[in-house]
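Architecture and fold: a report
So you can see what is in the structure, the chains are spelled out below.
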Amino acid sequence: MTSADLTDEPVARQQAADWYRSAVTYQLYIRSFADSDGDGLGDIGGIRSRLPYLASLGVDAIWINPWYPSPQADAGYDVADYRNIHAPFGDLQQARALIEEAHAAGLKVLLDVVPNHTSDEHPWFTAALASPPGSPERDRFVFRPGSGPDGDEPPNDWQSVFGGPAWHRVEGGEWYLHLFDVKQPDLNWDNPEVRAEFESVLRFWFDLGADGFRIDVAHGLIKDPALPSLNLSQQQILARVKVPDHPYWDRPGVLDVWQEWRAVGDSYDPPKVFVAEAWVESSARLAEYLRPERLHTAFDFELMRARWHAKELRETARISLEAHDSVGAPVMWTLSNHDVTRHVTRLGRPQQRTSGSNAPEFPQGETDVALGTRRARAAILYALALPGGVYLYQGEELGLPEVEDLPEEVLQDPTWERSGHTERGRDGCRVPLPWQRGGPSLGFGDALGWLPQPASWGELSVEAQEGDPGSMLALYREALRLRRELPQLGHDGGPLVWTGEEDQVLGLARGNGFVCVLNTGAVAVPLPPGRVVLSSSPLEGELLPPDAAAWILADQD
Ligand code: TEU
């Protein structure tokens, strides 16, 4: 070994550990990605067969939504066994093979862990139901006697995220807490057995080769032991008022859990990484989750919530970047995921101000898909130009819009039932992907998919977009290729400098000679000097049209 090898080793090790800081990660909503066995549900075989597609797209990593055995009461976020694979998706051997093949294709693999709740069909919960009040089995969950003279009222007034009360009464009279569906009992994170179990689950998948985890409801887990009622009026609930010292969201104690998990991840070489799904009040609050001894990353939901307005998009990014910089963490920009209306549709709606902390605040109203598509093309160039990493939600590279007219009888999101059929829920962003122009499910599989696809999606299929240089797919491929190639981009590329403070146009420079310009206004605007290496819409002469973005390289002599 030469002395150069010796000095380079720590550097190489650090580089291997830092892969996530600039990574573009593709979210695989497994049940809707590709179906290899014709049962209408996507599966591991489907992912394996499409790895070349993902590699050719140019992403660095994949995140697979929960694939564990589950009654699927909440599309797999109700886990019955944390160490196995849901049979319709495949088995552990296939999971291992997928991870190996992904690695061979240069892709990291993140899985999804659901620590706030289990399924009611998890053996722990079955044991809890079979055990008396006060038993160790019940202590793994949140069981309480009811209120009212006969205990037949729920212990407090907490509401499920999916609608209705967050408590369910069981035989024998006690109630259990479920902040989500009735089939998703909340775990008791004050119980050391719960903590030990999840550390063991993390190690199980890390040992199988997973590179990290997305953490579901990372702002949940810890409850105020006094379980105080919220005493909110219906109006306050609708207005999503801020509740100081909230009894179950974003409690300080949850940060200790993340510190423990970080230590588990750090015990591997290279270290395993985490990305938190934490819906918290502010970027500053999110940064608390991302201190060096806690989690590596968290989704940034602020860009997703910003209106289509250059000033707001710039201010939002500034705030997120500043908060993340203060703890040395990269921002993970996100435009869509499986819980929110697809952004082609959101951006095609009237852009009223969005506030509050969750999905219903997103733009409502009539959708202009063509407009949304133009803006979505510009939005991804903006996100990819910022320092940090980016999460893509499957299908956004095809420009899929939300499916807004699914027939009521096919809706599966628990929100639909629990809201008394007033909220349709999230199925419209979960429709199976179109791979081909024709066939029973447009190439998703050999049979109809679990949700019907609009016939018009044949023209949005991968097959239809391959070879069309004007397609969304071509734009994503070229942007991702350039992002890898240009040293100015990614988290640790050139320093970011905002050029100008205009309301409807933003410019961001990255280091030596790279500029991204975004125009959200109604008139075409001039571009700075240089070579346009990519633009989301054709230029109008030398001008950047409305709802468009361009990447420009200054000519270097
Ligand atoms: O979502 C967590 C969450 O906070 C939800 O409120 C989400 O924003 C909401 O569903 C939008 O309507 C996670 C998962 O991403 C989601 O799919 C699960 O349903 C939920 O946890 C329960 O596990």
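Computed from a predicted structure; not experimentally measured. (Residues numbered from 1 in each chain as written. Predicted model: local features only at pLDDT ≥ 70, side-chain atom pairs only at ≥ 80, totals over all residues. Heavy atoms only, no water.)

**Comments concerning the sheet that holds strand 5 (residues 167-169)**
Defined as follows: Two strands make a pair as long as DSSP finds a minimum of two bridges between them. Only runs of H or I of at least four residues qualify as helices and only runs of E of at least two qualify as strands under DSSP, and these elements are numbered from the N terminus.
Judged by pairing direction, the sheet is antiparallel, and its three strands sit side by side in the order 4-6-5 without closing on themselves. Edge positions in the sheet fall to strand 4 (143-144) and strand 5, since each of these pairs with one other strand and no more. Bridge count for strand 5 against strand 6 (residues 175-177) is three bridges, and the pairing is antiparallel. Bridge pairing links H168 to Y176 in strand 6.

**Focus: the nonpolar core**
To keep things clear, this is the line we draw: In this description, a nonpolar core means a group of buried Ala, Val, Leu, Ile, Met, Phe, Trp, Tyr and Cys residues linked to one another through side-chain atoms lying within 4.5 Å. Any residue under 20% of the maximum accessible area for its type is buried, any over 50% is exposed, and the rest in between are partly exposed; the area is computed with a 1.4 Å probe on protein chains only.
Ranked by size, the top nonpolar core spans 152 residues in total, and within it Y26, W67, W258 and W551 carry the most contacts. Here this core takes nine residues from helix 13 (residues 369-385), the largest share from any one element. If you look at the next biggest cluster of nonpolar residues, it comprises 13 residues, including V142, W167, L230 and Y248.

**Things to note about the packing of helix 13 against helix 16 (residues 472-485)**
Definition in use: Where helices are involved, their axes are fitted lines through C-alpha atoms of the stretch in contact, as for all axes, and angles between N-to-C directions lie from 0 to 180°. Roughly parallel means an angle under 35 degrees; roughly antiparallel means over 145; roughly perpendicular covers 65 to 115; every other angle is labelled oblique. Here, residues are in contact when the closest pair of their heavy atoms is within 4.5 Å. For this scheme, ten residues count as nonpolar: Ala, Val, Leu, Ile, Met, Phe, Trp, Tyr, Cys and Pro. Four count as charged, namely Asp, Glu, Lys and Arg, and the remainder, Gly too, count as polar.
With their axes 10 Å apart at the nearest point, helix 13 and helix 16 run at an angle of 10 degrees to one another. With respect to helix 16, the element helix 13 is oriented roughly parallel. Contacts from T373, A376, R377, I380, L381 and L384 of helix 13 reach helix 16 at M472, L475, Y476, A479, L480 and R483. Here the residues of the contact of helix 13 with helix 16 sort into nine nonpolar, one polar and two charged.

**A word on the environment of L290**
Tracing the chain through its elements places L290 in the loop between helix 9 (283-289) and strand 9 (297-300). The class of L290 is buried, set by a relative accessible area of 2%. Between the C-alpha atoms of L290 and P330, which are 40 residues apart in sequence, the distance is 9.2 Å. Setting aside residues up to four positions removed in sequence, L290 forms contacts with L295, H296, T297, A298, H324, V327 and A329.

**What to know about helix 13**
Inclusion rule: What a helix is expected to span follows from its residue count: subtract one and scale by 1.5 Å. What qualifies as a polar contact is a pair of N or O atoms within 3.5 Å, subject to a donor-acceptor requirement within protein and to the restriction that residues adjacent in sequence count only when both atoms come from side chains.
In this model, helix 13 (17 residues) spans 24 Å end to end at C-alpha, consistent with the 24 Å of a helix rising 1.5 Å per residue. In terms of burial, helix 13 is largely enclosed, as 13 of its 17 residues are buried. Between the side-chain oxygen at the start of helix 13 and the backbone nitrogen of A370 there is a gap of 3.2 Å, and the oxygen is on D368.

**Let's talk about the pattern of salt bridges**
Definition in use: Any carboxyl oxygen of Asp or Glu that lies within 4 Å of a side-chain nitrogen of Lys or Arg is treated as forming a salt bridge with it.
With the rule as written, the count across this model stands at 36 salt bridges. Its salt-bridge partner being R294, residue E288 comes within 3.5 Å of it at the nearest N-O pair. Residue classification places E288 among the partly exposed residues on the basis of a relative accessible area of 21%. For R481, the salt bridge is made with E485, and the minimal N-O distance between the two is 2.6 Å. You can see R481 and its partner E485 sitting in helix 16, four residues apart, about one turn around the helix. Within the structure, one salt-bridge network assembled from shared partners comprises D74, D339, D413, R426 and R430.

**What to know about the sheet that holds strand 16 (residues 531-535)**
Strand pairing in a sheet takes place through backbone hydrogen bonds and is either antiparallel or parallel in direction. Spatially, the five strands line up as an open sheet ordered 12-13-14-18-16, and their pairing is antiparallel. A single partner strand is all that each edge strand has here, and the edge strands are strand 12 (496-498) and strand 16. Ignoring strand direction, the axes of neighbouring strands in this sheet form an average angle of 25 degrees. Bridging between strand 14 (residues 514-519) and strand 18 (residues 548-553) involves six bridges; their strand directions are antiparallel. Bridge pairing in strand 18 links V517 to A550. Contacting strand 16 and strand 18, helix 16 crosses the sheet at an angle of about 130 degrees to strand 16.

**A few points about the confidence of the model for the protein**
Filter applied, for reference: As a per-residue measure, pLDDT tells how confident the predictor is, with possible values from 0 to 100.
Here the protein averages 95 in pLDDT, while 97% of its residues score no lower than 70. Confidence drops under a pLDDT of 50 for residues 356-360, and excluding neighbours within four residues, the segment shows eleven contacts in the predicted structure.

**Side note on the environment of H117**
Counting through the fold element by element, H117 comes out in the loop between strand 3 (108-113) and helix 5 (123-129). According to the relative accessible area criterion, H117 is buried, its value standing at 1%. Once the C-alpha coordinates of H117 and R50 are considered, the two residues, 67 residues apart in sequence, prove to be 31 Å apart. Excluding anything up to four places from it in sequence, H117 contacts Y77, Y82, F180, Q184, P185, D186, L187, D216 and V217. Within the structure, the side chain of H117 is placed 3.0 Å from the side chain of N116, a separation counted as a polar contact.

**Considering the site of the ligand**
The line we're drawing: Here a residue counts as near a molecule or strand whenever at least one of its heavy atoms sits within 4 Å of it. Surface accessibility in these figures is a Shrake-Rupley result with a 1.4 Å probe; residues are shielded only by whichever protein chains are displayed.
Near the ligand, the surroundings consist of 18 residues, among which D74, H117, D216, D339 and R426 are the closest. Within the side chain of R426, an N or O atom sits 2.7 Å from an oxygen atom of the ligand. Coverage of the ligand by the protein amounts to 94% of the 490 Å² it exposes when considered alone.

**A closer look at the pairing of strand 2 (residues 61-64)**
Counted only if it meets this: Orient the strands so they point away from the viewer, and a crossover whose first-strand-to-second-strand path over the helix runs clockwise is right-handed.
Of the two faces of strand 2, the one lined by A61 and W63 and the one lined by I62 and I64 are each fully buried. Sheet analysis places strand 2 next to strand 3, joined by three bridges and oriented parallel. Across the sheet, I62 pairs through a bridge with V109, a residue of strand 3. With helix 4 (residues 92-104) bridging strand 2 and its parallel neighbour strand 3, the resulting β-α-β unit is right-handed.

**Remarks on empty space enclosed by the protein**
Stated precisely, the cut-off is as follows: Cavity and pocket criteria rest on a 1 Å grid covering protein atoms alone: a 1.4 Å probe that fits but cannot get out defines a cavity, protein on both sides within 12 Å along at least 5 of 7 lines defines an open pocket, and an atom within 4 Å of a point defines a lining residue. Grid points are joined across faces, edges and corners, and a volume is the space filled by probe spheres set on the points.
A complete count under the given rule lists six cavities of 30 Å³ or more for this structure. Lining the largest cavity are 15 residues, and of these L303, M304, A306, R346 and L347 lie nearest its centre. Elements with a contribution of two residues or more to the lining of the largest cavity: helix 10 (302-305), helix 12 (343-347) and helix 13. Among the elements that make up the lining of the largest cavity, the one with the highest residue count is helix 12 (three residues). For the lining of the largest cavity, the per-class residue count stands at eleven nonpolar, two polar and two charged.

**Quick look at the side chain of T118**
Residue position: T118 is located in the loop between strand 3 and helix 5. Note on T118: relative accessible area 1%, which makes it buried. With residues up to four places along the chain from it excluded, the contact list for T118 reads D78, V79, Y82, F141, K183, Q184, P185 and L187.

**Comments concerning the environment of R426**
Its place among the elements puts R426 in the loop between helix 14 (414-418) and helix 15 (462-465). For R426, a relative accessible area of 14% translates into the label buried. Put simply, R426 and D413 are 13 residues apart on the chain and 6.2 Å apart in space, counted from C-alpha to C-alpha. Those residues within four positions of R426 in sequence are excluded, and the remaining contacts are D74, F162, H338, D339, D413, P414 and T415. A polar contact is formed between the side chain of R426 and the side chain of D339, at a distance of 3.0 Å.

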